[in-house]
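Commentary on secondary and tertiary structure
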Amino acid sequence: MQLTAVEEGMLEGREGPAKQRAMEGLVQLGRAFGAPRMVEIGYAHIHAGMALYLEDVELMEDLAAIDARMAVPASVNIANADVENWKLTGAPEKLAKLQRRAADAHHKMGSACTFTCTPYWAGHWPTWNTHMTSIESTVTIFCNSVLGARSNRDGFFAVYAGMTGRYPLFGYHLDENRRGTHRVRVATPLESVTDYSALGFHVGRIVGEGVPVFEGFAQRPSLDALDAMGAALATSGGVALFIVPGVTPPYATAEQAFAGRSPAETIEVTRADVDAVYGYFCTRGDGVFDIVHVGCPHASFEEMKDYAARLDGRRIFPGTEFWITTSRAVRRMAEEAGLLRALEASGAKVISDTCPISCHFARTVSPDPALGVVPPPIRSVVVDSAKQAKYVRDMIRCDTLLTGTAEAIETALSGRFVARGGVA
Ligand code: F3S
């Protein structure tokens, strides 16, 4: 692998032990994937240091202690607790305190403590052709597909890339991998953001790690719809890039997206396909639920306005838990706009930094027993996102009820499950 003099210097330790460790890791990654050289990146969305994972926060503290610093603008992914408002989820204080230590480490390293899976709604908006890295698949697919940036689905290497400002040249950093592989004809109107989420889940199952090119949308999808669709594509499949001609830079037409290659398959999506995803994630026949959740991926400011309008002057049904998850930045914007007051007056819980599957509800992690984390018994969660539904089922290991956002809110207001299409 060809390295520049600067990169060689990092590898040999001339810029300190932190950069040396990071460059060693990146060179290994590059060799494993046959990268000929590194590219300079302009942005990194990095691992938080998860309080529920054994010694994971300590890992970030160790890096900060050897003077690791972010060489490029860096935002931090979702955490295991709402660091400031941890009582909202019933998390043990010890968990929140440990999570706060990760924030301190990130401050030392110069990362923005966004603690979110949607850093773009918090102002991290990489532009066309910016090489970048992300630990969060939702961020990878949004930045690739909506903004035209170049990112792989990364893991901890995202931290090393942020520390060096470098990433090996392979995968979605290369033009040849940013071409359409499957044609998707959407032959049904999509009526809500959740419909786009269900569409993404359906298509991701078919295309796997392909690059679907979407045609036939009745109108240009909103940013929230694209966000929801991408998150679901990256959940049921390993999709890192989708192309909507006219939306995804630089493709104006499907022909440009396929670049002369024939699609491996043409997928016709009907209403029945979309409805089948709702059916797949409605596993609680009696409609019993413990929590109603919206805000996966973390809600945008536009979504917060929508929730506030729907809840204005109304009250969540007594005894019903209604969760809205968003980034701390959007929460703050909502507070300044008076939305937070309206949402909280209704009885909604507005939670930042985490989400149901990333908080102490997850049964699939084994935290340090000293933290005192005991996942509460949850039978069923109402969600408006196919991604959240998949992970609730897998990680909290309980039933799910997938419905539209409007219907999820009506469920919270009425105390009775309202299925998709139940709100005009
Ligand atoms: Fe974000 Fe949690 Fe959904 S990390 S994308 S809100 S599953």
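Keep in mind that this is a model prediction, so the values were computed, not measured. (Residues numbered from 1 in each chain as written. Predicted model: local features only at pLDDT ≥ 70, side-chain atom pairs only at ≥ 80, totals over all residues. Heavy atoms only, no water.)

**Examining the overall build of the protein chain**
Within the protein chain one finds 15 helices and 13 strands. In terms of overall dimensions, the protein chain is globule-like: its C-alpha atoms have a radius of gyration of 21 Å, near the 22 Å expected for 424 residues. For the protein chain, the residues scored as buried account for 59% of the 424 residues in total. Working note: accessible area of the protein chain is about 16,200 Å², and carbon and sulfur atoms make up 50% of it. Across the protein chain, the mean location of the 41 positive side-chain charges is 1 Å away from that of the 48 negative side-chain charges. (Helix = DSSP H or I, 4+ residues; strand = E, 2+ residues; numbered from the N terminus. Rg over C-alpha atoms; globule rule 2.2 N^0.38 Å. Buried < 20%, exposed > 50% of the residue type's maximum accessible area, 1.4 Å probe, protein only. Areas by Shrake-Rupley, 256 points an atom, 1.4 Å probe, with all protein chains shown as cover. Lys, Arg positive; Asp, Glu negative; His and termini not counted. Charge placed at Lys NZ, Arg CZ, Asp CG, Glu CD.)

**Examining the pairing of strand 2 (residues 43-46)**
Side chains of strand 2 alternate between two faces, with Y43 and H45 and A44 and I46 buried alike. One ladder, built from 3 bridges, connects strand 2 with strand 4 (residues 132-134); its direction is parallel. Among the inter-strand pairings, A44 is bridged to a residue of strand 4, identified as T133. Of the strand pairs in this sheet, strand 2 and strand 3 (residues 74-76) are connected by 3 bridges, and their pairing is parallel. Note on strand 3: the bridge partner recorded for I46 is V76. (Pairing = 2+ DSSP bridges.)

**Brief notes about the domain arrangement of the protein chain**
If you check the domain split of the protein chain, you get domain 1 (5-175), domain 2 (179-279) and domain 3 (282-414). Between domain 1 and domain 2, the C-alpha centre-to-centre distance is 28 Å. Contacts between the two partners involve 18 residues from domain 1, matched on the other side by 21 residues from domain 2. Carbon and sulfur atoms make up 62% of the surface buried where domain 1 meets domain 2, a total of about 1,500 Å² over both sides. Sorting the residues of domain 1 by area buried against domain 2 places I141, S145 and Y172 first, and these three jointly supply 36% of that buried surface. Taken together, the links from domain 1 to domain 2 amount to 0 salt bridges. (Domains from an automatic or database assignment. Contact = heavy atoms within 4.5 Å. Buried area = accessible area lost by both parts, 1.4 Å probe. Salt bridge = Lys/Arg side-chain N within 4 Å of Asp/Glu carboxyl O.)

**Examining the site of the ligand**
All residues adjacent to the ligand are I78, C117, T138, G295, C296, P297, C355, I357, K387 and Q388. Counting residues per element, the shell around the ligand draws most heavily on strand 9 (residues 291-299), which supplies 3 residues. Here the residues of the shell around the ligand sort into 6 nonpolar, 3 polar and 1 charged. The two domains that each donate at least three residues to the shell around the ligand are domain 1 (5-175) and domain 3 (282-414). (Near = heavy atom within 4 Å. Nonpolar A, V, L, I, M, F, W, Y, C, P; charged D, E, K, R; others polar.)

**Focus: the environment of R363**
Looking at where R363 falls in the secondary structure, it is placed in the loop between strand 11 (349-352) and strand 12 (380-383). Those residues within four positions of R363 in sequence are excluded, and the remaining contacts are P375, P376, P377, I378, M395, I396 and R397. A distance of 2.4 Å separates the side chain of R363 from the backbone oxygen of P376, its partner in a polar contact. (Polar contact = N/O pair within 3.5 Å; in protein donor to acceptor, adjacent residues only side chain to side chain.)

**Remarks on the nonpolar core**
Counting 95 residues, the largest nonpolar core has F214, M304 and F322 as the members making the most contacts within it. Ignoring any residue separated from it by four or fewer positions in sequence, one finds F322 in contact with V292, V294, L311, I316, A348, K349, I409 and A412. The next biggest cluster of nonpolar side chains, apart from the first, holds 39 residues, and it includes A22, M23, V72 and Y160. (Core = buried A, V, L, I, M, F, W, Y, C linked by side-chain atoms within 4.5 Å.)

**A look at the sheet that holds strand 7 (residues 212-215)**
Sheet strands pair by backbone hydrogen bonding; their relative direction is either parallel or antiparallel. Read from one edge to the other, the open sheet built from 3 strands follows the order 7-6-8, with strand pairing classed as parallel. The open sheet has two free edges, formed respectively by strand 7 and strand 8 (265-269), since each of these has just one partner strand. On average, each strand axis in the sheet is tilted by 25° relative to the strand beside it, whichever way the strands run. By the bridge criterion, 4 bridges tie strand 6 (residues 182-186) to strand 7 in an arrangement that is parallel. Counterpart to V184 in the pairing with strand 7 is F214. (Axes fitted to C-alpha atoms, helices over the stretch in contact; angles between N-to-C directions.)

**Here we look at the packing of helix 7 (residues 193-207) against helix 8 (residues 223-236)**
For the pair helix 7 and helix 8, the least separation of the axes is 7 Å and the interaxial angle reads 30°. The pairing of helix 7 with helix 8 is recorded here as roughly parallel in orientation. Read as a crossing pair, helix 7 and helix 8 show a hand that is right-handed. Here V193, Y196, S197, L199, G200, F201, V203, G204 and R205 of helix 7 come into contact with helix 8, specifically with D224, A225, A228, M229, A232, L233, T235 and S236. A breakdown of the residues in the contact of helix 7 with helix 8 according to their chemical character gives 10 nonpolar, 5 polar and 2 charged. (Parallel < 35°, antiparallel > 145°, perpendicular 65-115°, else oblique. Left-handed = near helix turned anticlockwise from the far one by under 90°.)

**Focus: the packing of helix 8 against helix 14 (residues 386-396)**
Viewed as axis vectors pointing N to C, helix 8 and helix 14 meet at an angle of 35°, and their least axial separation amounts to 8 Å. Residues A231, A232 and T235 of helix 8 lie in contact with helix 14, whose contacting residues are A386, K387, K390 and Y391. Residues of the contact of helix 8 with helix 14, tallied by class, amount to 4 nonpolar, 1 polar and 2 charged.

**Considering the packing of aromatic side chains**
By the definition in use, this model includes 16 aromatic pairs. Ring pairing ties together the aromatic residues Y120, W121, W125 and F142, which thus form one cluster. Lying across the ring of Y280, R393 places its NZ or CZ 4.6 Å from the centre. A cation over a ring is seen here: R420 above Y278, with NZ or CZ 5.4 Å from the ring centre. (Phe/Tyr/Trp six-rings, centres within 6.5 Å; stacked < 30°, edge-to-face > 60°. Lys NZ or Arg CZ within 6 Å of the ring centre and 35° of its normal.)

**A closer look at unusual backbone geometry**
Of the consecutive residues P249 and P250, the connecting peptide bond is found in the cis state with omega at 0°. In this structure, P250 sits in the loop between helix 8 and helix 9 (254-258). In this model, C296 is joined to P297 through a cis peptide bond whose omega is -10°. Here N129, not a glycine, exhibits a phi torsion of approximately 75°, which is positive. Locating N129 in the fold gives a position in the loop between helix 4 (93-109) and strand 4. Unlike most non-glycine residues, D353 shows phi in positive territory, near 75°.

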